[in-house]
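Here is what each chain is made of, one letter per residue.
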Amino acid sequence: MTRVLLLDGLTEVDPTTPVLRADDLGVLRGESVFETCRIGNGRAAFLDAHLVRLTESARRLDIALPPGWRELAEKAATGVDDGVLRLVCSKGAPDAGPVGFALVTAVPEETRRGREQGVAVVTLSLGVTAEERISSPWLLGGVKATSYAMNMASLRHAHAAGADDVIWVSGDGQVLEAPTSTVGIVVDGTLVSPPAEVGILPGTTLGAVSGQVPFAQRPVTLAELRGADEVMLLSSVRGVAPVVRLDGAERPVGPVTARLRDWYEAAVRG
Ligand code: PLP
């Protein structure tokens, strides 16, 4: 069900059509930004929050974001019952402007499985302290740029260790995020997640579900993660996925995680 639509003219093109030049700075330097949204029932879910974040990511990479993203997203999602929508804006070639497009694909089966059956996770250190991440904006924490090679390398590391996913930890033992998800824990019935200030992406899924339960955003230590009542990964496409193994220790699917997962799936369908 792959579809490609260009921001320029809102035209749908054959999915095999090349849309970027070889000298595009997104291709050569990783200078492009993106959003990944879930499509439910013909609509891009929580689109407003994604567009806000796309704008902020473009600002941080000094990309002059062209207009028209809402119309592009709405057109791309039309007629799609359940799917993945990527909105991508590349910085473009030095003698041309930014290039935007939408890509619609199916939700991968393993993503669905992770949501339903849970994921096994290992923690990996990113080396830098949380304080250094906060004071080093050039590390681009919190920017959704397509430079995800390190994220993918982390996931390969997890797979080689027999796990599905990773939770990154700062050099001084603070929980950060996962390569494609936000981390949430439940402590005494409260959903707790690290603040964006530690240099992580402000998750739209976390933003959506956080109104459903008592919620606090504050630093979370590795020890707290391991001792939490529940641990979950949140992201637009996977939704709310229970962590059922953390650094080798088995964990049950908790009631708050299950409730938020069901709420999000219903909300995505509108
Ligand atoms: N953190 C990172 C690094 C991500 O790539 C993502 C999603 O792709 C998230 C968090 C979760 O964000 P959202 O819930 O908006 O999908």
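Anything mentioned here points back to the structure above.
Just so it is clear, the structure is predicted and the values come from calculations on it, not from any experiment.

Undergrad: Describe the packing of aromatic side chains, with residues and values.
TA: Here the structure, examined in full by the defined rule, presents 2 aromatic pairs. When the ring of Phe34 is compared with that of Tyr148, the centres are 5.2 Å apart and the planes differ by 80°; the resulting orientation is edge-to-face. Here Phe34, found in strand 3 (residues 32–40), pairs with Tyr148, found in the loop between helix 5 (130–134) and helix 6 (149–160); they are 114 residues apart in sequence, far enough to count as distant. Where Phe46 meets Tyr264, the ring centres are 5.8 Å apart and the plane angle is 20°; that geometry is what we call stacked. Of the two residues, Phe46 is situated in the loop between strand 4 (43–44) and helix 2 (47–60) and Tyr264 in helix 9 (residues 255–269); the sequence distance between them amounts to 218 residues.

Undergrad: How would you sum up the packing of helix 2 against helix 3 (residues 69–77)? Please name residues and give values.
TA: Put simply, helix 2 and helix 3 touch, their axes get as near as 11 Å, and they point 135° apart. Overall, the two elements helix 2 and helix 3 adopt an arrangement that is oblique. Judged by the twist between their axes, the crossing of helix 2 over helix 3 is right-handed. Touching Leu47, Asp48, Leu51 and Leu54 of helix 2 are Trp69, Arg70, Ala73 and Glu74, all from helix 3.

Undergrad: Would you mind going over unusual backbone geometry in detail, with residue names and values included?
TA: Phi is positive for Leu10, which is not a glycine, with a value near 50°. Structurally, Leu10 is set in the loop between strand 1 (3–6) and strand 2 (11–13). According to the relative accessible area criterion, Leu10 is partly exposed, its value standing at 23%. Its identity is not glycine, yet Phe46 carries a phi of approximately 55°, on the positive side.

Undergrad: Summarise the sheet that holds strand 1; cite the residues concerned and give the values.
TA: Within the open sheet, the 6 strands sit side by side as 2-1-6-5-3-4. Their pairing is antiparallel. Strands at the two margins of the open sheet, each flanked by one partner only, are strand 2 and strand 4. Bridge count between strand 1 and strand 2: 3 bridges; the pairing is antiparallel. Of the residues in strand 2, the one forming a bridge with Val4 is Val13. Packing against the sheet, helix 2 makes contact with strand 3, strand 4 and strand 5 (82–90), and its axis sits at approximately 175° to strand 3. Packing against the sheet, helix 9 makes contact with strand 3, strand 4 and strand 5, and its axis sits at approximately 90° to strand 3.

About the criteria used
- Residues numbered from 1 in each chain as written.
- Predicted model: local features only at pLDDT ≥ 70, side-chain atom pairs only at ≥ 80, totals over all residues.
- Heavy atoms only, no water.
- Phe/Tyr/Trp six-rings, centres within 6.5 Å; stacked < 30°, edge-to-face > 60°.
- Helix = DSSP H or I, 4+ residues; strand = E, 2+ residues; numbered from the N terminus.
- Axes fitted to C-alpha atoms, helices over the stretch in contact; angles between N-to-C directions.
- Parallel < 35°, antiparallel > 145°, perpendicular 65-115°, else oblique.
- Left-handed = near helix turned anticlockwise from the far one by under 90°.
- Contact = heavy atoms within 4.5 Å.
- Buried < 20%, exposed > 50% of the residue type's maximum accessible area, 1.4 Å probe, protein only.
- Pairing = 2+ DSSP bridges.

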